[in-house]
There are 2 protein chains.
Amino acid sequence: MRNIKLTLEYDGTDFVGWQVQPNGRSVQEELEKALAQILQHEITTYAAGRTDSGVHARGQVVNVKTQKAIVPEALHKSMNALLPDDVAVLSVEEVPEHFHARYSAVARRYRYFIGQRPLAVMRRFVWPLQYSLSLKWMNSCAARIVGEHDFQSFCKVEAEVDHYRCMVKHASWIQKDGLVVFDITANRFLHGMVRALVGTMVDVGRGYTPYEDFERIIVARERRAAGMAAPAKGLFLEEVFYD
Amino acid sequence: MRNIKLTLEYDGTDFVGWQVQPNGRSVQEELEKALAQILQHEITTYAAGRTDSGVHARGQVVNVKTQKAIVPEALHKSMNALLPDDVAVLSVEEVPEHFHARYSAVARRYRYFIGQRPLAVMRRFVWPLQYSLSLKWMNSCAARIVGEHDFQSFCKVEAEVDHYRCMVKHASWIQKDGLVVFDITANRFLHGMVRALVGTMVDVGRGYTPYEDFERIIVARERRAAGMAAPAKGLFLEEVFYD
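For the structure given in this document, a descriptive report is provided here. (Residues numbered from 1 in each chain as written. Chains lettered and ligands numbered in written order. Predicted model: local features only at pLDDT ≥ 70, side-chain atom pairs only at ≥ 80, totals over all residues. Heavy atoms only, no water.)

Examining the overall build of chain A
1) Next: Tallying secondary structure elements over chain A gives 5 helices and 10 strands in all.
2) Next: What you see for chain A is a C-alpha radius of gyration of 19 Å, in line with the 18 Å of a compact globule of 243 residues.
3) Next: In terms of overall dimensions, chain A has a C-alpha envelope of 60 × 40 × 30 Å along the principal axes.
4) Next: Counting all 243 residues of chain A, 55% fall into the buried class.
5) Next: Pairs at least 24 apart in sequence give 73% of the contacts found in chain A among residues at least 6 apart.
6) Next: By element, 50% of the accessible surface of chain A is carried by carbon and sulfur atoms, the whole surface being about 11200 Å². (Helix = DSSP H or I, 4+ residues; strand = E, 2+ residues; numbered from the N terminus. Rg over C-alpha atoms; globule rule 2.2 N^0.38 Å. Buried < 20%, exposed > 50% of the residue type's maximum accessible area, 1.4 Å probe, protein only. Contact = heavy atoms within 4.5 Å. Areas by Shrake-Rupley, 256 points an atom, 1.4 Å probe, with all protein chains shown as cover.)

Examining the nonpolar core
1) Next: Ranked by size, the top nonpolar core spans 73 residues in total, and within it B:Trp173 and B:Phe182 carry the most contacts.
2) Next: Here this core takes 8 residues from helix α4 (residues 193–205) of chain B, the largest share from any one element.
3) Next: When sequence neighbours within four positions are dropped, the list of residues in contact with B:Phe182 reads B:Tyr110, B:Arg111, B:Tyr112, B:Ala142, B:Ile145, B:Ala171, B:Ser172, B:Trp173, B:Val194, B:Val198 and B:Met201.
4) Next: Counting 72 residues, the second largest nonpolar core, distinct from the first, contains A:Ile4, A:Leu129, A:Val168 and A:Phe182. (Core = buried A, V, L, I, M, F, W, Y, C linked by side-chain atoms within 4.5 Å.)

Details of the packing of aromatic side chains
1) Next: Tallied over the full model, the rule gives 20 aromatic pairs over all chains.
2) Next: Ring centres 6.2 Å apart and planes at 55° place the aromatic pair B:Phe151 and B:Phe154 in the tilted group. Each member of the pair, B:Phe151 as well as B:Phe154, carries the same accessibility label: buried.
3) Next: The rings of A:Phe113, A:Phe125 and A:Phe236 are connected pair by pair, giving a single aromatic cluster. (Phe/Tyr/Trp six-rings, centres within 6.5 Å; stacked < 30°, edge-to-face > 60°.)

As for the interface of chain A and chain B
1) Next: Counting from both sides, the interface comprises 23 residues of chain A and, opposite them, 23 residues of chain B.
2) Next: Here chain A and chain B share an interface that buries about 1700 Å² over both sides, 57% of which is from carbon and sulfur atoms.
3) Next: Inspection of the chain A/chain B interface yields 6 salt bridges.
4) Next: Residue B:Arg123 pairs with A:Asp85 through a salt bridge whose shortest N-O separation is 3.3 Å. (Buried area = accessible area lost by both parts, 1.4 Å probe. Salt bridge = Lys/Arg side-chain N within 4 Å of Asp/Glu carboxyl O.)

Here we look at the side chain of A:Arg108
All names here are of chain A.
1) Next: Relative to the elements of secondary structure, Arg-108 occurs in strand β5 (residues 105–115).
2) Next: Put simply, Arg-108 is tucked away with no salt bridge, and the nearest opposite charge, on Asp-243, sits 11 Å away.
3) Next: The residues touching Arg-108, leaving out its near neighbours within four places in the chain, are Ala-48, Arg-102, Ile-184, Thr-185, Ala-186, Asn-187, Arg-188, Phe-189, Leu-237, Glu-239, Val-240 and Phe-241. (Lys, Arg positive; Asp, Glu negative; His and termini not counted.)

Side note on the relation of the copies chain A and chain B
1) Next: Each copy superposes on the other: chain A lies on chain B with an RMSD of 0.0 Å after a rotation of 180° and an axial shift of 0.0 Å. Each copy turns onto its partner about a two-fold axis. Judged by C-alpha distance, A:Met122 is the residue of chain A that lies nearest the rotation axis, at 4.5 Å.
2) Next: Both copies contact each other with a shared surface, as 100% of the interface residues of chain A are interface residues in chain B too. (Least-squares fit on C-alpha atoms with pLDDT ≥ 70 in both.)

Okay, here's the thing in structure tokens:
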């Protein structure tokens, strides 16, 4: 059995998210439809990050198994010809049979974009926020979460997981091209984690939540201790790392 | 009479262009509708660059006259609350009565974005082009047009103008974040000029038109000598300069 790794970019605005849902258009469904048309058999894909409704990707990784002899370059071209214009295949490569986009991943990197002025051109990809923000305090929060910690306070309550520990390798806020950008790399992410972290850190940055409370929110280990989730539209799955 | 200068950003995708048209949604119409609702009188606006259908702006300048006493900050907020989400007002300021967004402008800067891979996120703002391009040859073309020249070969034939001379202050191609970007600043632009220049220079960059022919195209002084116009979606009016 051949195993094919696809790297994807998508504009999540008009999707119900990565995963197939009964009630709307998913990235997985569009991808599997195109793959089935080319490979002429039923398709199941696995994605590194099951992005929520409205979340974008510039480096989602997916794998698919097939016995068809199609060459990666031909599959790449055909995919981009068949897919709708809000999904693009960036690369296609053959990988060892044991490779699994989700379980083989050792880390993922997400980015969140905040705009501090009215936006028209980038409106689908940025959370417009007119507060002035203290990047110093937001970076204190970011520094606090680096390392292995329990992130239950930043996880949607309905999530079914064994434990809430994540190893955060990098987290920081920067200002770039008039935007405020959060970068985070971790071995795993809980459901809703980046958006809950961003919403809570923004509360600190705008002076609504004192920095000392951020510490209390982490140790509380319950979602209602943290701030509101930031909107999906500012979030991108940027990159997935493998050994 | 007070004179108000507005700086605008817009996503031109779903507009028939700047100018009011009988057959579609124009930026001017949306802007005048919002202004009329706030200022409670009939409105006529003047824009620095009458962008074509599908062309975007990140620094369009418009002026409007009124006798109403509204302060610029209040007008700014109200405008952004009323305008559709593909137009944003970046700034509002009071200017001397003789200021005219179009006739007072001494230069405009446009940018054109080409993407050399499949794109989903930026698909509304980039011309996707899978040719490999020689930036060296394209920059030779760019250097050739700097200074005062006759641009009739790059002007739509129906344009009603006295003469075709433009003073190009800057023109260059760069590679940035995986995109190929053309930057041009001139005292004036003829109708369709940037898109005709980009289309023609791309023909040189991909080896379809020899560089020597670029010289012949300029001196021909007729539109059919030049290459096809590049699509509107990659073009942005970036900035307008005043003394």
